[in-house]
Amino acid sequence: MDTQTEMEPFDLGPACREVARLLGGIKDDQLSGPTPCPDYAVREVLAHLVGLTVAFRDAAAKKPGPTTDTPPDAALPVLPDDWREVLPRQLDELAEAWRSPAAWEGGTRIGGVDLPGAVAGLVALNEVQIHGWDLARSTGQPYAPAEASLRTSFAMLTPPAVAGSGGPGGADTTDATDATDAGDGSGQAPDGVFGPPVDVPEDAPLLDRVVGLTGRRPDWRPGE
């Protein structure tokens, strides 16, 4: 089966709600603080989320235009003044857009890259989930994504040779990792702030292993 086009849709709602929960715990004096993304302070991670929630919402609707044609690293994102009102609403809109079966069918475009709709849905989940971790770690908040969402990200990010050995829980995740091959040809999903994987012990918590696959140290703390 071609999982890029036939995979079962899943709900982005839990991931979006967990990130929305974090927003109320971010203080104004933390906006200039460092994050696991070397070139981004907290305000830029938030601004990136503001942009990507619109982009992936429009990708779900197969709506071409600047929101889906612009690469994520085209310019340093700027945080709007009303982000506390805008971002929770856009997270809800993102989750709702991907509840449409049509979002997962056929092709779409995101970050200037043409992708199968099902692959774009995977990337959307990963973007929200990982940048949620960035915000939680940068602002000293707990972060507890749903295990099902983490397993989906793990399957997408794990290199095929590793995924074929069983992945978390023993399931063969090789097909799901094809999602990363549909990006810009580098094997990476279309995102300007993910880096090469970091080695994490196989017996580490699933969240730590997912985080490591995006080039982040699971033990990262501000100032380190």
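The notes below deal with the structure included here. (Residues numbered from 1 in each chain as written. Predicted model: local features only at pLDDT ≥ 70, side-chain atom pairs only at ≥ 80, totals over all residues. Heavy atoms only, no water.)

**Section: the side chain of E18**
The criterion, for reference: Helix numbers and strand numbers start at the N terminus; a helix is a DSSP run of H or I with at least 4 residues, a strand a run of E with at least 2. Contact definition: two residues touch when any of their heavy atoms are within 4.5 Å.
Mapped onto the elements, E18 comes out in helix α2 (residues 13-23). In this structure E18 touches P142, Y143, A144 and P145, once residues within four positions along its chain are discounted.

**Some remarks on the pairing of strand β1 (residues 107-110)**
This is how it is decided: For every residue, the accessible area obtained with a 1.4 Å probe (protein chains only) is divided by the maximum for its type, and the residue is called buried under 20%, exposed over 50%, and partly exposed between those limits. Here, any two strands with at least 2 DSSP bridges between them count as paired.
Alternating residues of β1 divide into T108 and I110, all buried, and G107 and R109, none buried. With four bridges connecting them, β1 and strand β2 (residues 113-116) associate as antiparallel partners. Within the sheet, the bridge partner assigned to I110 lies in β2 and is V113.

**Overview of the packing of aromatic side chains**
Rule in force here: Only Phe, Tyr and Trp rings are paired, with Trp represented by its six-membered ring, and only when their centres lie within 6.5 Å; those with planes under 30 degrees apart are stacked, over 60 edge-to-face, the remainder tilted.
Under the counting rule described, the total for this entry stands at two aromatic pairs. Ring pairs connect the aromatic residues F10, W98 and W104, which therefore count as one cluster.

**Brief notes about the nonpolar core**
Which entries qualify depends on this criterion: Among the buried residues, those of types Ala, Val, Leu, Ile, Met, Phe, Trp, Tyr and Cys that are joined through side-chain atoms within 4.5 Å form a nonpolar core.
Core analysis: the biggest nonpolar cluster contains 60 residues, and L12, L46, W98 and L135 have the highest contact counts within it. Of all the secondary structure elements, the ones that give two or more residues to this core are α2, α3 (42-60), α5 (83-97), β2, α6 (117-139), α7 (147-157) and α9 (206-213). Ranked by residues supplied to this core, first place goes to α6 with twelve residues. Apart from residues lying up to four places away in sequence, L46 is in contact with L23, I26, L31, L79, W83, L87 and L135.

**As for the environment of L207**
Along the chain, the position of L207 falls in helix α9. On the basis of relative accessibility, which here comes to 17%, the residue L207 falls in the buried class. Taking C-alpha positions, L207 is 8.5 Å from E147, a pair spaced 60 residues apart along the chain. What L207 contacts, discounting residues up to four positions off in sequence, is W133, Y143, P145 and L150.

**Focus: the side chain of T108**
Going by this rule: N or O atoms within 3.5 Å of each other form a polar contact, as long as, within protein, one can give a hydrogen and the other can take it, and as long as residues adjacent in sequence are counted only when both atoms are side-chain atoms.
On the secondary structure map, T108 appears in strand β1. The exposure class of T108 is buried, given its relative accessible area of 10%. Among the polar contacts listed, one links the side chain of T108 to the backbone oxygen of A59, at a separation of 2.7 Å. Ignoring any residue separated from it by four or fewer positions in sequence, one finds T108 in contact with A59, K62, V113, D114, L115, P116, G117 and A120.

**Focus: the packing of α6 against α7**
The condition that has to hold: Axes here refer to lines fitted to C-alpha atoms; in helices the fit is confined to the stretch in contact. Angles between the N-to-C directions go from 0 to 180 degrees. Convention used here: angles under 35 degrees read as roughly parallel, angles over 145 as roughly antiparallel, angles from 65 to 115 as roughly perpendicular, and any remaining angle as oblique. Left-handed is the label given to a crossing in which the near helix is rotated counterclockwise from the far helix by less than a right angle, and right-handed is the label when the rotation is clockwise. Basically, the charged four are Asp, Glu, Lys and Arg, the nonpolar ten are Ala, Val, Leu, Ile, Met, Phe, Trp, Tyr, Cys and Pro, and anything else, Gly included, counts as polar.
Between α6 and α7, the least distance of the axes is 10 Å, while the angle of their chain directions is 115 degrees. What the angle tells us is that α6 and α7 run roughly perpendicular. The handedness of the crossing between α6 and α7 is left-handed. Every residue of α7 that contacts α6 at L122, V123, L125, N126 and Q129 is listed here: S149, L150, T152, S153, M156 and L157. Residue composition of the contact of α6 with α7, grouped by class: six nonpolar, five polar and no charged.

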